[in-house]
Amino acid sequence: QVQLVESGGGLVQAGGALRLSCAASGRAFSTYAMGWFRQAPGKEREFVSAISGSGHSTYYTDSVKGRFTISRDNAKNTMYLQMDSLKPEDTAVYYCAASSFSNTRATSAFGSWGQGTHITVSS
């Protein structure tokens, strides 16, 4: 089990940008695929983006392609999500997650979760 802590959330106007960070504990960070998920009020948690342990492979859900960029700095045990051109539909609690697999986008493969950070995008 990996401890994960998200930060960087807040309130932003539509069209604006935010950068989320996810700090991870442990000594094997570079072996974990990492992902971002979000959950809007009354809805199920959904996949947003994922990145392989090396950072070579990235995945995005269709609704954020071209707007969000996932990255990681393995030397700092940190993953990031740069969110540009934000829309009100992006409003949700965003969670980072870690997988024992090195390269995956399957929700079921992510077993460690952060506490979440709130993103509110106003019109």
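As the structure is a prediction and not an experimental result, all values here were calculated from the model. Sequence order as written defines the numbering, with residues in each chain counted from 1. pLDDT decides what is reported in this predicted model: residues at 70 or higher carry local features, side-chain atom pairs at 80 or more are listed and counted, and totals for whole chains, interfaces and linings draw on all residues regardless. Excluded from the side-chain calculation are hydrogens and water; included are all heavy atoms of the structure.

Brief notes about the state of the cysteines
Defined as follows: When the sulfur atoms of two cysteines come within 2.5 Å, that pair is taken as a disulfide. Every helix listed is a DSSP run of H or I at least four residues long, and every strand listed is a run of E at least two residues long, numbered separately from the N terminus. Each residue's exposure class comes from its accessible area (1.4 Å probe, protein chains only) as a fraction of the maximum for that residue type: buried when under 20%, exposed when over 50%, partly exposed otherwise.
With the rule as written, the count across this model stands at one disulfide. Here C22 engages in a disulfide with C96; their sulfurs sit 2.1 Å apart. For the disulfide bridge between C22 and C96, the dihedral angle about the S-S bond is near 60 degrees, and by the sign convention the bridge is right-handed. Of this pair, C22 sits in strand β3 (residues 18-24) while C96 is found in strand β9 (residues 92-99), placing the two residues 74 residues apart along the sequence. As far as burial versus exposure is concerned, C22 and C96 are alike and both buried.

A look at the packing of aromatic side chains
Rules: Stacked, tilted and edge-to-face are the three classes assigned to paired rings of Phe, Tyr and Trp, where Trp is represented by its six-membered ring and a pair needs centres within 6.5 Å; plane angles under 30 degrees give stacked, over 60 edge-to-face, the rest tilted. Note on criteria: charge over ring means Lys NZ or Arg CZ within 6 Å of the ring centre, with the direction from the centre no more than 35 degrees off the ring normal.
Inspection of the entire model under this criterion finds three aromatic pairs. Measuring from centroid to centroid gives 5.7 Å for F37 and F47, while their planes differ by 75 degrees, and the two rings are edge-to-face. Of this pair, F37 sits in strand β4 (residues 33-39) while F47 sits in strand β5 (residues 46-51), placing them ten residues apart in sequence. The burial state of F37 is the same as that of F47; both residues are buried. Each residue in the set F37, F47, F110 and W113 is aromatic and connected to the rest through ring pairs, giving one cluster. The ring of Y95 carries R45 above its face, with NZ or CZ at 3.8 Å from the centroid. Its guanidinium or amino end placed over the ring of W113, R45 lies 4.7 Å from that ring's centre, counting from NZ or CZ.

Description of the pattern of salt bridges
Cut-off, in case you're wondering: Whenever Lys or Arg places a side-chain nitrogen within 4 Å of a carboxyl oxygen from Asp or Glu, that contact is recorded as a salt bridge.
All told, the structure shown has four salt bridges when counted by the stated rule. Its salt-bridge partner being R38, residue D90 comes within 2.9 Å of it at the nearest N-O pair. Of the two residues, D90 sits in the loop between β8 (78-83) and β9 while R38 sits in strand β4, which places them 52 residues apart along the sequence. With respect to class, D90 is no different from R38; both count as buried. Here D90 and R67 are joined by a salt bridge, their closest N and O atoms 2.8 Å apart. Of the two residues, D90 is situated in the loop between β8 and β9 and R67 in the loop between β6 (58-60) and β7 (68-73); the sequence distance between them amounts to 23 residues. Of the two residues, D90 and R67, neither departs from the other in class, the shared state being buried. Three or more residues are tied together by salt bridges with common partners; here these are R38, E46, R67 and D90.

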